[in-house]
Amino acid sequence: MKKDTKKEGAPVVVPAPGNPLKDGLIDFAAGTMGGIANVYAGQPLDTVKVKIQTFPHLYANWVVCLKETWGVSGLRGLYAGTVPALAANIAENAVLFAAYGYCQKAIGSLFGHPDPKAMSPLENAASGSFAACFAATVLCPTELVKCKLQAARELNPTKKFTPYSVCRQILKREGPRGFFTGMTPTLAREVPGYFFFFGVYETCRYMLTPVGKTKDEIGLFRTAVSGSFGGMALWASIFPADVVKSRMQVGVRGGFKHVLKQILKEQGIRGLYTGLLPTLIRSALASGCLFVCYEETSRVLQALCK
């Protein structure tokens, strides 16, 4: 650390410039670990969410869907699509958190904050929103495969699907462009969603910080609580776009507007919130685990790289 003594009065502590490449790699690695934790904590309820979003006529509610999936396929059925889900979440969170760190630095420099840790929750929220643009490009293809695997039993109960067979089918029918089906609703979900995700997370960390300590010293429990609220804020804010995306990615024909109008016509506004409750429960668990793993991995790697 160095002191800036140009101004009159007490010296102002300014953080020494970090290594952007090292910081980016640490954020990338920490985001990877967070993505793994996010999947294993939340995959069963994510499977339920996708099923009742895309086949609302088959299940009375999410509890019925959970019981039926367990009864027919057991734990394996609830973890359907885990491989592409891991690929999706590892890729998304690795890119997201790496981009988030760089976006924090860029926005911080615009508003006169040399240290990203001194940024306000609103500035962190804006950083997350910009970072989501980069994450969406790697998320859309992998989440497309995940959704198709999760809905495979309802689409074709006699055929066995694998990540490889789904990818081959997409390439054969639509070519490489087919992997980006649902990109518009993915962006419509990710960009505003991560504004609330990081904004609420940082606000909770700020509010839960004891007097005389920093946000990095709030402990695992408070970090998990902050992450849980951030995750629930994300999904509550963008859930209708996710419902449209899920319908598009399991085979409903038409663009974003067409599918949106179709849902409104058939189910009304309520149809755009099908599966919200299990999603909020899943997100509270998964996002809490994500941020604990991210913050702890980042802390350990920062200490090792000093």
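Because the structure is a prediction, the values reported are computed rather than measured. (Residues numbered from 1 in each chain as written. Predicted model: local features only at pLDDT ≥ 70, side-chain atom pairs only at ≥ 80, totals over all residues. Heavy atoms only, no water.)

### Examining the pattern of salt bridges
- If you walk through the whole model with that rule in mind, you get 14 salt bridges.
- Linking K146 and D46 is a salt bridge whose minimum nitrogen-to-oxygen distance equals 2.7 Å. Of the two residues, K146 sits in helix α4 (residues 121-150) while D46 sits in helix α1 (residues 20-54), which places them 100 residues apart along the sequence. Like K146, the residue D46 is buried in the burial classification.
- One salt bridge connects R189 with E143, and the closest N-O pair in it is separated by 3.0 Å. (Salt bridge = Lys/Arg side-chain N within 4 Å of Asp/Glu carboxyl O. Helix = DSSP H or I, 4+ residues; strand = E, 2+ residues; numbered from the N terminus. Buried < 20%, exposed > 50% of the residue type's maximum accessible area, 1.4 Å probe, protein only.)

### Considering the packing of aromatic side chains
- A full pass over the atoms with the stated rule returns 11 aromatic pairs.
- Taking 5.9 Å as the distance between ring centres and 85° as the angle between the ring planes, the aromatic pair formed by F97 and F291 counts as edge-to-face. With a gap of 194 residues between them, F97 in helix α3 (residues 82-110) and F291 in helix α10 (residues 276-304) connect regions that are remote in the sequence. Here F97 and F291 have matching classes, each one buried.
- With a centroid separation of 6.1 Å and an interplanar angle of 35°, the aromatic rings of Y194 and F198 are classed as tilted. In this pair, Y194 and F198 both sit in helix α7 (residues 183-208), four residues apart, roughly one turn of the helix. Taken individually, Y194 and F198 each receive the classification buried, so the pair is uniform in this respect.
- Clustering of aromatic rings is evident, with ring pairs tying together F97, Y100, Y194, F197, F198, Y201, F291 and Y294. (Phe/Tyr/Trp six-rings, centres within 6.5 Å; stacked < 30°, edge-to-face > 60°.)

### Things to note about the UniProt feature "repeat: Solcar" (unreviewed entry) in the protein chain
- The residues that UniProt annotates with the feature "repeat: Solcar" (unreviewed entry) are residues 22-106, 119-207 and 218-300.
- Between the end C-alpha atoms of residues 119-207 the distance is 14 Å, and the span holds 80% helix and 0% strand. (UniProt positions renumbered as here; feature names shortened; annotations may be inferred.)

### Description of the packing of α4 against helix α6 (residues 163-174)
- For the pair α4 and α6, interaxial distance at closest approach is 10 Å and the crossing angle is 115°. Judged by the angle between their axes, α4 and α6 are roughly perpendicular. Note that α4 runs across α6; the crossing there is right-handed. From α4, L144, V145, K148 and L149 reach across to α6, where they touch P163, V166, C167 and I170.
- Residue composition of the contact of α4 with α6, grouped by class: seven nonpolar, no polar and one charged. (Axes fitted to C-alpha atoms, helices over the stretch in contact; angles between N-to-C directions. Parallel < 35°, antiparallel > 145°, perpendicular 65-115°, else oblique. Left-handed = near helix turned anticlockwise from the far one by under 90°. Contact = heavy atoms within 4.5 Å. Nonpolar A, V, L, I, M, F, W, Y, C, P; charged D, E, K, R; others polar.)

### Considerations on the state of the cysteines
- Per the counting criterion, the structure on display carries zero disulfides.
- There is no disulfide at C167, and the cysteine sulfur nearest it, in C140, is 13 Å away.
- Not part of a disulfide, C293 finds its nearest cysteine sulfur in C289, a span of 6.6 Å. (Disulfide = S-S within 2.5 Å.)

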